[in-house]
Amino acid sequence: MTRPENEVILVLDFGGQYNQLIARRVRENHVYCEVRPHTFSLDRIREMQPKGIILTGGPNSVYTDDAVLAPKEIFSLGIPVLGICYGSQLMAHQLGGRVERADTSEYGKTDVTLTAEGKKSELFTEVQEESICWMSHTDLIAETPAGFRITATTPVCPVAAMEDVSRNLYATQFHPEVMHTKYGRQMLKNFIYNVCKCSGDWQMDSFVEKSIRELRAKIGDGKVLCALSGGVDSAVAAVLLSKAVGRQLTCVFVDHGLLRRHEGDEVEAVFGSKSKYELNFIRVNAKQRFYERLAGITDPEQKRKIIGEEFIRVFEEESKKIGKVDFLVQGTIYPDVIESGLGNSAVIKSHHNVGGLPDYVDFKEIIEPLRLLFKDEVRSAGRELGLPENIVNRQPFPGPGLGIRIIGEVTEEKVQILKEADFIYRDELKKAGLAKDLGQYFAALTNMRSVGVMGDGRTYDYAIALRAVKTNDFMTAESAQLPWEILQKVTSRIVNEVKGVNRVLYDCTGKPPATIEFE
């Protein structure tokens, strides 16, 4: 491991559900950030030379036998440390304070008040004395370690924040990374700039230039195969490789029959023979192959892994047709990596290009140039590379495609139903001018069938679920409140134009507790 070229804030993961969001908030301040497991060694921390360390939340209690810990020496490295939720309790516990079960748990929005010491704290510069924070804990700090002063409280939590300025140690029981904490972004900005003294040298233009240079050096005269879905992630990865190695790159677009309506033709129009990009393009029509592999499969994790493995097998076969290929490129991004399981974190879902990879892959090496970027950073990189806005701002679409928007078994008939319903929904949102304000929107086919009546006849058909969310980072999301008249129009069109559907539902669930996708 070598020290990053940019300033870096290190996030140590203790299994918290918001760990990736912490990293995203740091990156918003133009400071590079990496999430590492709590087992990350002291030697590797010293080698990285981070400007600051953030300890995440987590599901454990610090005083139990199964508690996940960090080396106590982390607090005496001379590096500023911010503990959040479990991270704050860990700091207190390991430095001689006392953590115990709370009489009253706190979940959700909570009133928080700065103490007299808190109003002087660098962590709370430009933060109002009374505001709202986001709590999620059953334990609390009952006694602070020696040298710490309490900087914030809530009605039931005596130590909502604490600090030891002499050792550059700070802690919040609440979650400043979550948007529901009113001044959370300001607090993290204060930690990054006031406490860690960062200058903010993480810029997308430098990332693009550095990546092209490193890719060119790594690949040399080798041949590269890129998994191109046509979405923004794989498109940016493809153009990045095109800039680095030109015609050494072959992009394989697998039409697995699980794409949105007309999508295969649209992708070919951008990257095919008339493309302005210097690359080779191959389109593989493989829908029957995927349908056969998915026959009878209902478990979403199994579907993801089957689709991921079949992708790789198609790529391997195509690579043999064009001669020896050394590298496989994928558009994996940071949320994919984290949601597929990092360190002690739970696996939310296996992404087809991360946790869904088969054990054996017939390539010298897999290259994932966007692996450490969040979605909005990928879009920024796309603009730096000169991609047109219709590609940069394209609606997110999962690699497994409609396969994970069909609940239960995937069949060709179900795919056709969903394609038509999804097209109508997206079409009406665009006509109404609503699409530009939504982070993601799509239709899904449930496995529920119900009785309906059309004309004078009884029907027993599927229900379509519509989803639309607002989000900045795709780590958290709120269900969009679409105008009722638009939902009525979409519903009318779907039940009248799409054979096999007699009911339309709207999903009002945010993330968390749901994920944005259905499976």
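Residues numbered from 1 in each chain as written. Predicted model: local features only at pLDDT ≥ 70, side-chain atom pairs only at ≥ 80, totals over all residues. Heavy atoms only, no water.

### A closer look at the packing of aromatic side chains
Pairs of aromatic rings are described using the distance from one ring centre to the other and the angle between the two planes.
Here is step 1: According to the stated counting rule, one finds 7 aromatic pairs in the structure shown.
Here is step 2: Measuring from centroid to centroid gives 5.7 Å for phenylalanine 290 and phenylalanine 311, while their planes differ by 65°, and the two rings are edge-to-face. In this pair, phenylalanine 290 is assigned in helix H8 (residues 287-294) and phenylalanine 311 in helix H9 (residues 300-321), connecting sequence segments 21 residues apart. Across the pair, exposure class does not vary: phenylalanine 290 and phenylalanine 311 are buried alike.
Here is step 3: Taken together, the ring pairs connect Tyr32, Trp202 and Phe207 into an aromatic cluster.
Here is step 4: The side chain of arginine 405 reaches across the aromatic face of phenylalanine 442, ending 3.9 Å from its centre.
Here is step 5: Positioned above the aromatic ring of tyrosine 462 is the side chain of arginine 449, whose terminal nitrogen or guanidinium carbon lies 4.7 Å from the ring centre. (Phe/Tyr/Trp six-rings, centres within 6.5 Å; stacked < 30°, edge-to-face > 60°. Helix = DSSP H or I, 4+ residues; strand = E, 2+ residues; numbered from the N terminus. Buried < 20%, exposed > 50% of the residue type's maximum accessible area, 1.4 Å probe, protein only. Lys NZ or Arg CZ within 6 Å of the ring centre and 35° of its normal.)

### Things to note about the pairing of strand E1 (residues 8-13)
Here is step 1: By the criterion of burial, E1 is predominantly enclosed, with 6 of the 6 residues buried.
Here is step 2: Side-chain alternation along E1 places Val8, Leu10 and Leu12 on one buried face and Ile9, Val11 and Asp13 on a second face that is also buried.
Here is step 3: Across 6 bridges, E1 lies against strand E2 (residues 32-37) in parallel orientation. Note that in E2 the partner of leucine 12 across the bridge is arginine 36.
Here is step 4: Taking the sense of rotation as the criterion, the β-α-β connection linking E1, helix H1 (residues 19-28) and E2 turns out right-handed. (Pairing = 2+ DSSP bridges. Right-handed = clockwise from strand over helix to strand, strands pointing away.)

### What about the confidence of the model for the protein?
Here is step 1: Model confidence for the protein is summarised by a mean pLDDT of 88, while 94% of its residues fall at 70 or above.
Here is step 2: A low-confidence stretch, residues 341-358 stays under pLDDT 50, and its non-local contacts, those more than four residues away or across chains, total 66 contacts. (pLDDT = per-residue confidence, 0-100. Contact = heavy atoms within 4.5 Å.)

### Topic: the layout of surface pockets
Where empty space is left becomes clear once a probe the size of a water molecule has been rolled over the atoms.
Here is step 1: The space that makes up the second largest pocket amounts to roughly 740 Å³.
Here is step 2: As for the second largest pocket, its lining consists of 32 residues, of which Asn390, Asn393, Arg394, Gln395 and Tyr441 are closest to the centre.
Here is step 3: Looking at the lining of the second largest pocket, the elements that each hand over two or more residues are helix H7 (263-271), helix H11 (375-384), helix H12 (389-392) and helix H13 (412-431).
Here is step 4: A per-element tally of the lining of the second largest pocket places H7 first, with 5 residues. (1 Å grid on protein atoms, 1.4 Å probe; cavity = no way out; pocket = protein on both sides within 12 Å on 5 of 7 lines; lining within 4 Å. Points joined across faces, edges and corners; volume = space filled by probe spheres on them.)

### Focus: the pairing of strand E3 (residues 52-55)
Here is step 1: Every second residue of E3 is oriented toward a common face, with Gly52 and Ile54 on one face and Ile53 and Leu55 on the other, all of them buried.
Here is step 2: In this structure, E1 lies alongside E3, joined through 4 bridges in parallel fashion. Bridge pairing in E3 places isoleucine 9 opposite glycine 52.
Here is step 3: Of the pairings in the sheet, the one linking E3 to strand E4 (residues 81-84) comprises 3 bridges and is parallel in character. Each residue of the ladder has a partner; that of leucine 55, found in E4, is glycine 83.

### Digging into the environment of alanine 23
Here is step 1: Structurally, the position occupied by alanine 23 is in helix H1.
Here is step 2: Once the C-alpha coordinates of alanine 23 and isoleucine 9 are considered, the two residues, 14 residues apart in sequence, prove to be 8.4 Å apart.
Here is step 3: Each residue touching alanine 23, except ones within four places of it in the same chain, is listed here: Cys33, Val35, Tyr334 and Phe374.

### Looking at the nonpolar core
Here is step 1: Among the nonpolar cores identified, the biggest contains 121 residues, and Phe315 and Ile494 are the most heavily contacted of them.
Here is step 2: No other element matches helix H6 (residues 232-245), which puts 10 residues into this core.
Here is step 3: With 38 residues, the next largest nonpolar core counts Cys85, Ala102, Leu114 and Tyr170 among its residues. (Core = buried A, V, L, I, M, F, W, Y, C linked by side-chain atoms within 4.5 Å.)

### A look at unusual backbone geometry
Here is step 1: Cis geometry marks the peptide bond from lysine 511 to proline 512; its omega dihedral reads -10°.
Here is step 2: Turning to its location among the elements, proline 512 is positioned in the segment after strand E18 (501-506).
Here is step 3: Residue proline 513 follows proline 512 across a cis peptide bond; omega there is 15°.
Here is step 4: One non-glycine residue, glutamate 126, lies in positive phi territory at about 65°.
Here is step 5: On the secondary structure map, glutamate 126 appears in the loop between strand E5 (98-114) and strand E6 (130-143).
Here is step 6: Relative accessible area serves as the criterion here: at 65%, glutamate 126 is assigned to the exposed category.
Here is step 7: For histidine 262, which is not glycine, the phi dihedral falls at a positive 65°.

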